[in-house]
Amino acid sequence: QVKLVESGGGSVQAGESLKLACLVSGFSFVNFAMSWYRQAPGQEREFVARIDNTDGTTEYAESVKGRFTISSDNSENTVYLQMNSLKPGDTAVYLCAGHPVISAAITYWGKGTRVTVSS
């Protein structure tokens, strides 16, 4: 059974930090690219960050560059999103996703973890 389970969300004040985790089971984590997306109420799902677990390369949305860091722990099948200097605009449900590096034809999704940032 494929599972992506996010954790670490919560409510914080602007300027504070959170670290999200996505625990993966049911597929070969080391061969996947893992991503974080977010979706605020009434808005489209937005790409946040991605890591290629085969080589460690990362990419980020412009809105989070310099504030967020994505990383993977292959021994734990977990992808993290360290979020610093949080802003109210970061408020959203954060979703974990993964697809094989060799193909993006199929993507697995978690159900999300909520992040609320107040001013």
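Summary of the structure given here. The shown structure was predicted, so the numbers you read here are calculated from the model rather than taken from an experiment.

So, the packing of aromatic side chains
Counted according to the given criterion, the structure contains 5 aromatic pairs. Ring plane angle 10° and centroid distance 5.3 Å describe the contact between phenylalanine 27 and tyrosine 108, whose orientation is recorded as stacked. Of this pair, phenylalanine 27 sits in the loop between β3 (18–25) and β4 (32–39) while tyrosine 108 sits in strand β10 (residues 108–109), and the two are 81 residues apart along the sequence. Look at phenylalanine 27 and you get buried, because its relative accessible area is 12%. A ring pair is formed by tyrosine 37 and phenylalanine 47, whose centres lie 5.6 Å apart and whose planes are at 75°; its orientation type is edge-to-face.

Concerning the pattern of salt bridges
Considering all chains together, one arrives at 5 salt bridges under this definition. Arginine 38 is paired through a salt bridge with aspartate 90; the nearest N and O atoms lie 2.8 Å apart. Taken together, the residues span a long stretch of sequence, with arginine 38 in strand β4 and aspartate 90 in the loop between β8 (78–83) and β9 (92–100) at a distance of 52 residues. By the burial criterion, arginine 38 is buried, and aspartate 90 matches it. Measuring nitrogen to oxygen at the nearest pair gives 3.5 Å for the salt bridge that ties glutamate 59 to arginine 50. Taking the relative accessible area as the measure of exposure, glutamate 59 reaches 38% and is therefore partly exposed.

Remarks on the environment of phenylalanine 27
With 26 residues separating them in the primary sequence, phenylalanine 27 and glutamine 1 have C-alpha atoms 8.5 Å apart. Among all residues touching phenylalanine 27, those that are not within four sequence positions of it are Val2, Leu4, Phe32, Met34 and Tyr108.

Overview of the state of the cysteines
Inspection of the entire model under this criterion finds 1 disulfide. Sulfur-sulfur distance for the disulfide between cysteine 22 and cysteine 96 comes to 2.1 Å. Residues cysteine 22 and cysteine 96 are joined through a disulfide that is left-handed, its torsion about the S-S bond being -85°. A residue pair is termed long-range when its members are at least 10 positions apart, and cysteine 22 in strand β3 and cysteine 96 in strand β9 qualify at 74 residues.

Rules and cut-offs
- Residues numbered from 1 in each chain as written.
- Predicted model: local features only at pLDDT ≥ 70, side-chain atom pairs only at ≥ 80, totals over all residues.
- Heavy atoms only, no water.
- Phe/Tyr/Trp six-rings, centres within 6.5 Å; stacked < 30°, edge-to-face > 60°.
- Helix = DSSP H or I, 4+ residues; strand = E, 2+ residues; numbered from the N terminus.
- Buried < 20%, exposed > 50% of the residue type's maximum accessible area, 1.4 Å probe, protein only.
- Salt bridge = Lys/Arg side-chain N within 4 Å of Asp/Glu carboxyl O.
- Contact = heavy atoms within 4.5 Å.
- Disulfide = S-S within 2.5 Å.

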